[in-house]
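# Notes for the structure review
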Amino acid sequence: QVQLVESGGGLVQAGGSLRLSCAASGRTFSDYTMGWFRQAPGKEGELVAAISRSGVTTIYAASVNGRFTISRDNAKNTVYLQMNSLKPEDTAVYYCAAAVRRVVSRTWDEYDYWGQGTQVTVSS
């Protein structure tokens, strides 16, 4: 089992940047595919980005491609989400998630462990 704790959310103006971090504890961090999801009020949750165990493979939602970057540091048991050129529509609670499966998935249900979430609010 792995425990996940997100940090780095907050309030930022449109066009600004934030970096989210997710610290993992428990089992070996490099055994997990990692993902960032988000959920805005009244909307379904969606994958923002995900990264393979080694960090070689990454996938992004079309809406954030080119603005957000996911990365991981297996030595520090941490996954990051660098968010640039933020837009009001990026406002949501952002969740870190870990999957036992090796394949990098876009599907919420295929992730096994979740953090508590961190709020990101982008003002116009």
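Shown above is the structure to which this text applies.
Just so it is clear, the structure is predicted and the values come from calculations on it, not from any experiment.

Time to look at the sheet that holds strand 7 (residues 68–73). Taken in spatial order, the four strands of this open sheet run 1-3-8-7, and their pairing is antiparallel. Only two strands of the sheet have a single partner each, and these edge strands are strand 1 (2–7) and strand 7. Each strand of the sheet is rotated relative to its neighbour by a mean of 15°, with strand direction disregarded. Relative to strand 3 (residues 18–26), strand 1 runs antiparallel, the two sharing six bridges. Paired with S7 across the two strands is S21, which belongs to strand 3.

Below, the discussion takes up the state of the cysteines. Applying the stated criterion across every chain yields a total of one disulfide. Disulfide partner of C22: C96, at an S-S distance of 2.1 Å. Across the disulfide from C22 to C96, rotation about the S-S bond amounts to roughly -80°, and the bridge is consequently left-handed. Here C96 lies in strand 9 (residues 92–99) and C22 lies in strand 3, a separation of 74 residues in the sequence. Comparing C22 with C96, the two get one shared label, buried.

About the thresholds
- Residues numbered from 1 in each chain as written.
- Predicted model: local features only at pLDDT ≥ 70, side-chain atom pairs only at ≥ 80, totals over all residues.
- Heavy atoms only, no water.
- Pairing = 2+ DSSP bridges.
- Helix = DSSP H or I, 4+ residues; strand = E, 2+ residues; numbered from the N terminus.
- Axes fitted to C-alpha atoms, helices over the stretch in contact; angles between N-to-C directions.
- Disulfide = S-S within 2.5 Å.
- Buried < 20%, exposed > 50% of the residue type's maximum accessible area, 1.4 Å probe, protein only.

The analysis is restricted to geometry; functional conclusions fall outside its scope.
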